[in-house]
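So you can see what is in the structure, the chains are spelled out below.
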Amino acid sequence: MSPTPWIPNQYPTARRSDRVDVYKSEKRGQVRVPDPYQWLEKQSDETDKWTTVQDEFTRAYLNKNQHRTKLEKEIRANTDYEKFTAPSFKYDRRWYWFYNSGLQAQPGMLLYRSKDEVLPDFSKEGLGGEIYFDPNLLSDDGTAAIATSSFSRSGEYYAYGISLDFCTIYVRRTRDPLASADGPREDHHAKRLPEEIRFVKFSAITWTHDSKGFFYQRFPDRGSQSLAPEDQAGIETIDDKNAMVYYHVVGTPQSEDVLVVKDAEHPEWMWEASVSELDGRYLYMSVVRDTARKNLLWVCDLEENAIGPNIKWEKLIDEFDAEYRVIANDGTKLYILTNENAPRYKVITIDLADPKRERKDLIAEEKDAFLDDVRAVGKDYLAVVYKRNVIDEIYVYSLDGKRLTRLVPDFVGAAELSGRRSQNDLFVTLTGFTNPGIIGRYNLIEPDDGKKWSTYRTTHVKGLKADEFTAEQVWYESKDGTRIPMFVVRHESTKRDGTAPAIQYGYGGFSISVNPSFSSSILTFLKSYGAVFALPNIRGGGEFGEEWHEAGIREKKINVFDDFIAATGHLINAKIAAPGKIAINGGSNGGLLVAACVNIAAEGTFGAAVAEVGVLDMLKFADFTIGKAWVSDYGDPHNPHDFDFIYPISPLHNVPTDKVLPPLLLMTADHDDRVVPLHSFKHAATLQHTLPHNPHPLLIRIDKKAGHGAGKATEKRIQDAADKWGFVAQSLGLEWQGS
């Protein structure tokens with residue numbers, strides 16, 4: 001099939017203003033930077049008309065793909081399989097788990113529960129229990145999602161936040177499920193308690209042990225959201241400052257909530273409250289100022305303090321020098337995961353009864369593995385996940401730091417732990433590129449070692465056969481000689497002679513590890529087009545600890561782009577994929593990655609590019625919503641020193657005019673208040689104005705009534721996948737190989 005024909009010089013027009021912003025440069029003094037599309041930063045009738053016309057223009061192109069409908073149908077069919085999480089035992093003495101039968105609106109979000117305290121046996125027929133909470137009843141179109149939730153210690157209450165990005169917390173009794181059977185649709189407001197907790201963002205719900213109430217983080221009142229329903233929140237760009245922690249008493253209005261902590265001198269600080277699990281004695285407050293892996297750690301003894309603004313905090317860690325996360329406590333002894341003098345992390349203990357507060361190593365740092373997760377389980381154990389060359393290893397340790405056993409040593413993929421100290425069952429969810437999910441159960445008190453581990457539940461995909469796909473890890477050299485690992489996934493029909501098309505995905509930021517994961521839409525594309533999926537674990541991520549992360553931030557951000565471009569070169573040189581047939585993709589920070597690489601790489605490097613919800617205006621990211629927190633990775637554009645390394649890589653300000661760009665699709669959402677859509681709006685307008693003659697399309701797809709991605713409805717995810725992978729297929733001129 002030939003690529004979809006494209007006629008240049010036909011883009012919708014966008015008004016250009018004479019707006020100029022002035023920045024300070026350490027090298028150049030004042031720098032004047034034109035910003036002709038600054039008006040697209042604001043929600044207005046003019047902006048709405050522009051976005052509508054642009055989306056219609058893009059839709060007309062996407063609809064020319066003769067196989068798009070077929071691709072969407074295949075993706076939908078291959079998405080239609082049971083999905084579920086590991087069960088969790090709550091304080092009402094029932095097991096709870098999330099479940100989706102296949103295509104229900106909220107993926108994996110129906111909350112089921114057992115009828116009693118017996119762990120459900122899914123080897124038998126049936127669903128193992130009853131629906132407790134159905135989020136598909138929160139809105140007619142499935143766009144409302146649960147952002148955060150928590151059960152009270154008494155087992156009487158369930159608190160849940162409904163969100164696009166900001167959220168509102170509601171409370172209902174566990175005796176009152178939200179689950180319509182046959183009959184009229186149930187209104188979630190009908191049986192909930194009267195309070196509404198608004199202006200909540202980036203917050204957990206942390207109950208005190210007496211179950212009288214919970215801690216949460218909120219921001220100051222915003223007029224745009226004061227009376228707005230959930231589906232209207234998020235259409236704004238106000239920066240997120242002056243976060244506060246409040247305590248809410250069940251059954252009272254939010255106006256009576258008790259302020260616990262705020263800091264007017266540090267408006268960018270954010271807070272995470274947690275309470276010690278077994279005794280409920282200690283309130284821990286983790287304080288962050290940005291996305292760096294560094295935080296303060298304050299501790300309060302709730303037996304000696306009334307909840308309120310006069311709490312006496314022991315500021316156990318009062319410098320932003322490393323990350324400290326409390327795992328558990330035994331009385332006054334705290335177990336803490338940290339990267340203090342240990343970029344690949346270790347576990348230490350601090351005894352609050354020790355006047356010296358000595359920090360003692362419990363599990364020392366390993367030099368060739370990243371300590372990714374630690375969870376206290378049972379009375380005397382720690383479940384530990386090490387990441388070694390981006391492959392997870394699961395171990396059980398004693399609380400005195402002794403390694404006892406390794407679980408499923410032959411497993412290759414990513415592991416997620418589930419369990420707590422009051423339970424003797426550890427659940428481990430195992431996933432991979434060809435494995436949609438296996439839940440294993442490890443019984444900590446089973447005396448027979450041969451019976452401790454068992455497979456509890458296995459995911460079965462109806463439309464795809466896992467054994468038709470293979471995954472391998474290869475290594476390649478980046479521009480500066482650094483060795484980078486990359487996963488390569490193929491269908492059995494994929495040619496190995498250097499002629500296969502490929503999707504190359506990347507992220508490379510914020511110490512986030514991109515793990516092996518199952519994607520029915522990507523596997524559908526591989527099977528339908530005989531393609532390859534490549535995932536390079538580039539610098540900036542967390543796959544090898546903090547040093548790997550720091551090698552891809554600030555002045556070194558260019559390393560991330562070089563790593564990604566070098567991955568494309570390796571795919572071609574190793575005859576894994578064909579020249580000009582590699583499409584790159586990434587979202588959020590990965591959207592920045594894609595847009596920057598399109599600007600930087602030599603003409604013809606990529607066959608197509610899809611940048612989703614990208615950070616594209618690098619001079620203004622810090623001015624909107626939570627963007628200020630990203631300066632630890634990106635630098636501060638308002639700092640003259642930082643400006644000099646940010647400006648040259650900002651995609652919006654470096655659109656090349658001396659080369660042909662590949663087909664490019666920007667994807668954003670009008671309710672995204674994480675990476676606000678103005679980034680994509682302005683970049684699309686700039687591309688189309690600067691390169692109207694480009695022989696390939698430069699388009700933007702705008703999703704209405706959607707946020708940054710979390711909680712997106714199943715049908716929207718399917719449509720998104722069909723659009724972006726269909727765009728890749730029609731741009732590369734791929735032949736359909738499916739049935």
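Everything quoted here is computed from the prediction, not taken from an experiment.

### Description of the pairing of strand 37 (residues 608–612)
Then, in step 1: Summarising burial for strand 37: five of the five residues are buried, a large majority.
Then, in step 2: Alternating residues of strand 37 divide into Ala608, Val610 and Glu612 and Ala609 and Ala611, and every residue in both groups is buried.
Then, in step 3: Inspection of the sheet shows strand 36 (residues 582–587) paired to strand 37 by five bridges, in the parallel sense. Along strand 37, the bridge assignment pairs asparagine 585 with valine 610.
Then, in step 4: The β-α-β motif built from strand 36, the intervening helix 7 (residues 589–600) and the parallel element strand 37 has right-handed crossover chirality.
Then, in step 5: The pairing of strand 37 with strand 38 (residues 664–669) spans four bridges and is parallel.

### Notes on the pattern of salt bridges
Then, in step 1: Under the defined criterion, the tally for this structure stands at 50 salt bridges.
Then, in step 2: For arginine 490, the salt bridge goes to glutamate 472, with nearest N and O atoms at 2.7 Å. With a gap of 18 residues between them, arginine 490 in strand 33 (residues 483–491) and glutamate 472 in strand 32 (residues 469–477) connect regions that are remote in the sequence.
Then, in step 3: Of the charged contacts, one joins aspartate 617 and lysine 682 as a salt bridge, the two residues approaching to 2.7 Å between their closest N and O atoms. With a gap of 65 residues between them, aspartate 617 in the loop between strand 37 and helix 8 (631–634) and lysine 682 in helix 10 (residues 678–690) connect regions that are remote in the sequence.
Then, in step 4: Among the residues examined, lysine 682 registers a relative accessible area of 1% and is labelled buried.
Then, in step 5: Three or more residues joined by partner-sharing salt bridges are found here, namely Arg59, Arg68, Glu72, Arg76, Arg701, Glu715, Asp720 and Asp723.

### A short note on the pairing of strand 25 (residues 381–388)
Then, in step 1: With six of eight residues buried, strand 25 lies mostly within the body of the structure.
Then, in step 2: With antiparallel pairing between neighbouring strands as the criterion, strand 24 (residues 370–377) and strand 25 make up a hairpin whose turn holds three residues, including glycine 378 at a positive phi of roughly 60°.
Then, in step 3: Pairing of strand 25 with strand 26 (residues 391–398), which is carried by eight bridges, proceeds in the antiparallel orientation. Its bridge partner being in strand 26, arginine 388 is matched across the sheet by isoleucine 391.
Then, in step 4: The loop that links strand 25 with its antiparallel partner strand 26 comprises two residues; one of these, asparagine 389, has a positive phi angle of about 55°.

### Quick word on the sheet that holds strand 19 (residues 314–317)
Then, in step 1: The four strands are arranged 16-17-18-19 in an open sheet whose pairing can be described as antiparallel. The open sheet has two edge strands with one neighbour each: strand 16 (270–275) and strand 19. Between one strand and the next, the sheet's axes are offset by a mean angle of 25°, whatever the strand orientation.
Then, in step 2: Relative to strand 19, strand 18 (residues 296–301) runs antiparallel, the two being bridged by three bridges.

### With respect to helix 7
Then, in step 1: Spanning twelve residues, helix 7 covers 16 Å between terminal C-alpha atoms, matching the ideal 16 Å at 1.5 Å per step.
Then, in step 2: Among the residues of helix 7, those classed as buried are Asn589, Gly590, Gly591, Leu592, Leu593, Val594, Ala595, Ala596, Cys597, Val598 and Asn599.
Then, in step 3: In this structure, the buried side of helix 7 is in contact with helix 6 (557–573), strand 36, strand 37, helix 8 and helix 10.

### Concerning the packing of aromatic side chains
Then, in step 1: Counting across every chain of the model gives 50 aromatic pairs.
Then, in step 2: Where tyrosine 160 meets tyrosine 170, the ring centres are 5.9 Å apart and the plane angle is 40°; that geometry is what we call tilted. You can see tyrosine 160 sitting in strand 9 (residues 157–163) and its partner tyrosine 170 sitting in strand 10 (residues 167–173), a full ten residues away along the chain. The residues tyrosine 160 and tyrosine 170 share a single accessibility class, namely buried.

### Things to note about the nonpolar core
Then, in step 1: Counting 137 residues, the largest nonpolar core has Trp271, Leu283, Met285, Trp298, Phe525, Leu526 and Trp630 as the members making the most contacts within it.
Then, in step 2: Element by element, the count of residues in this core is highest for helix 11 (residues 714–732), at eight residues.
Then, in step 3: By size, the runner-up hydrophobic cluster in this structure holds 19 residues, among which are Ala369, Val374, Leu382 and Leu399.

### Observations concerning the environment of valine 200
Then, in step 1: Along the chain, valine 200 turns up in strand 11 (residues 197–200).
Then, in step 2: Spatially, the C-alpha atom of valine 200 lies 4.3 Å from that of arginine 218, the residues being 18 residues apart in sequence.
Then, in step 3: In this structure, valine 200 is in contact with Phe166, Cys167, Ile169, Tyr216, Gln217 and Arg218, ignoring residues within four places of it in sequence.

### A closer look at unusual backbone geometry
Most peptide bonds are trans, and most residues other than glycine sit at a negative phi.
Then, in step 1: For arginine 93, which is not glycine, the phi torsion reads 65° and is therefore positive.
Then, in step 2: Mapped onto the elements of the fold, arginine 93 is located in the loop between strand 4 (88–89) and strand 5 (95–100).
Then, in step 3: Residue classification places arginine 93 among the partly exposed positions, given a relative accessible area of 47%.
Then, in step 4: One non-glycine residue with positive phi stands out, namely valine 613, at about 35°.

### Some thoughts on the sheet that holds strand 28 (residues 414–418)
Then, in step 1: Spatial strand order, 28-29-30-31: four strands in an open sheet with antiparallel pairing. For this open sheet the edge positions go to strand 28 and strand 31 (453–458), each flanked by a neighbour on one side alone. Neighbour-to-neighbour, the strand axes of the sheet open up by a mean angle of 25°, direction not taken into account.
Then, in step 2: Here strand 29 (residues 425–431) runs beside strand 30 (residues 438–443); their pairing, made up of six bridges, is antiparallel. Considered in strand 30, the bridge of phenylalanine 427 is made with arginine 441.

Rules and cut-offs
- Residues numbered from 1 in each chain as written.
- Predicted model: local features only at pLDDT ≥ 70, side-chain atom pairs only at ≥ 80, totals over all residues.
- Heavy atoms only, no water.
- Buried < 20%, exposed > 50% of the residue type's maximum accessible area, 1.4 Å probe, protein only.
- Helix = DSSP H or I, 4+ residues; strand = E, 2+ residues; numbered from the N terminus.
- Pairing = 2+ DSSP bridges.
- Right-handed = clockwise from strand over helix to strand, strands pointing away.
- Salt bridge = Lys/Arg side-chain N within 4 Å of Asp/Glu carboxyl O.
- Axes fitted to C-alpha atoms, helices over the stretch in contact; angles between N-to-C directions.
- Expected span 1.5 Å × (residues − 1).
- Contact = heavy atoms within 4.5 Å.
- Phe/Tyr/Trp six-rings, centres within 6.5 Å; stacked < 30°, edge-to-face > 60°.
- Core = buried A, V, L, I, M, F, W, Y, C linked by side-chain atoms within 4.5 Å.

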